[in-house]
Amino acid sequence: PSYPPYPYPPKRNRSWVKYLLILMVLACIGCLAAMGILVRQIWGAKDDAETVIDAFMIDMQGHDVAAARQHFSDNGLRNVTFNDLEEMLEGSNYALFEHYSSLHVTTWFVSRNTSGTSATIRGSLHYTDGYTGSFSAVMEHEDGEWRIRSINITVPPNKMRGFRSTPDNSNRGTDTPF
């Protein structure tokens with residue numbers, strides 16, 4: 001006995017599955033691109049803020065208080081006067097800036113709130129005389145640029161010993177916040 005051929009059901013059109021897979025792949029590529037842009041912006045902002053702190057250190061090393069003040073935000077300028085910066089160049093305080101060569105950011109934290117974008121930065125300072133210090137700074141994003149709101153510079157006590165203290169700054173120690 002011979003059997004009649006088995007009738008196969010008609011093929012279903014599953015092209016929608018291909019389109020769904022293509023859409024999912026494109027969505028993943030879009031997410032990865034957006035994350036890449038965000039990471040690049042964050043690292044670029046970190047580099048910009050690092051450049052501002054570096055310029056501040058170089059200006060202070062060169063005794064250019066007027067230029068150093070330009071790196072402060074409006075809020076920072078309310079707390080740090082021209083005289084405050086001038087005092088940082090007197091006596092043993094100048095050890096914070098003398099022989100400065102470079103810095104390295106080790107911690108970078110950005111926050112946004114109703115008053116704007118700010119960043120807390122910590123890192124190390126390197127000096128040509130072999131010393132390594134540290135800094136912590138609060139930066140504010142103003143007019144498209146990062147500016148210093150406050151900065152705290154710390155150097156080892158031995159770096160300060162080479163300077164003679166004056167009565168005005170003999171009690172300042174090695175940890176000098178602005």
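Structure first, text after, so check above.
Residues numbered from 1 in each chain as written. Predicted model: local features only at pLDDT ≥ 70, side-chain atom pairs only at ≥ 80, totals over all residues. Heavy atoms only, no water.

**Things to note about the pattern of salt bridges**
Overall, the coordinates contain four salt bridges when judged by the stated rule. Ionic pairing is found between aspartate 129 and lysine 159, a salt bridge with its closest N-O pair at 3.0 Å. Note that aspartate 129 is positioned in the loop between strand S2 (116-127) and strand S3 (132-142) and lysine 159 in helix H5 (residues 157-160), a separation of 30 residues in sequence. The class for lysine 159 is buried, based on a relative accessible area of 4%. Residues arginine 147 and glutamate 142 are paired through a salt bridge, measuring 3.9 Å at the closest nitrogen-oxygen approach. Connected through salt bridges with shared partners, the residues Glu142, Glu145 and Arg147 form a single ionic network. (Salt bridge = Lys/Arg side-chain N within 4 Å of Asp/Glu carboxyl O. Helix = DSSP H or I, 4+ residues; strand = E, 2+ residues; numbered from the N terminus. Buried < 20%, exposed > 50% of the residue type's maximum accessible area, 1.4 Å probe, protein only.)

**Quick notes on the nonpolar core**
Where a protein is soluble and globular, its nonpolar side chains tend to be buried together. Phe56, Phe97, Ile121, Met139 and Ile153 are the most contacted members of the largest nonpolar core, which has 34 residues in total. Among the elements of the structure, helix H1 (15-61), helix H2 (65-69), strand S1 (100-113), S2, S3 and strand S4 (145-154) are those that each provide at least two residues to this core. In terms of residues, this core owes the most to one element, H1, which gives six residues. Sequence-distant contacts of methionine 139, that is, excluding residues within four places in its chain, are made with Ala49, Val52, Ile53, Thr117, Ser118, Ala119, Ile121, Trp146, Arg147, Ile148 and Arg149. (Core = buried A, V, L, I, M, F, W, Y, C linked by side-chain atoms within 4.5 Å. Contact = heavy atoms within 4.5 Å.)

**Structural notes on the packing of aromatic side chains**
Taken as a whole, this structure holds four aromatic pairs when the rule is applied. Measuring from ring centre to ring centre gives 5.6 Å for phenylalanine 56 and phenylalanine 72, while their planes differ by 85°; the resulting arrangement is edge-to-face. Linking phenylalanine 56 in helix H1 with phenylalanine 72 in the loop between H2 and helix H3 (74-79), this pair joins segments that are 16 residues apart in sequence. Residue phenylalanine 72 is classed as buried on the basis of its relative accessible area of 2%. Taking 5.6 Å as the distance between ring centres and 75° as the angle between the ring planes, the aromatic pair formed by tryptophan 108 and tryptophan 146 counts as edge-to-face. Remark: tryptophan 146 occurs in strand S4 and tryptophan 108 occurs in strand S1; sequence separation between them is 38 residues. (Phe/Tyr/Trp six-rings, centres within 6.5 Å; stacked < 30°, edge-to-face > 60°.)

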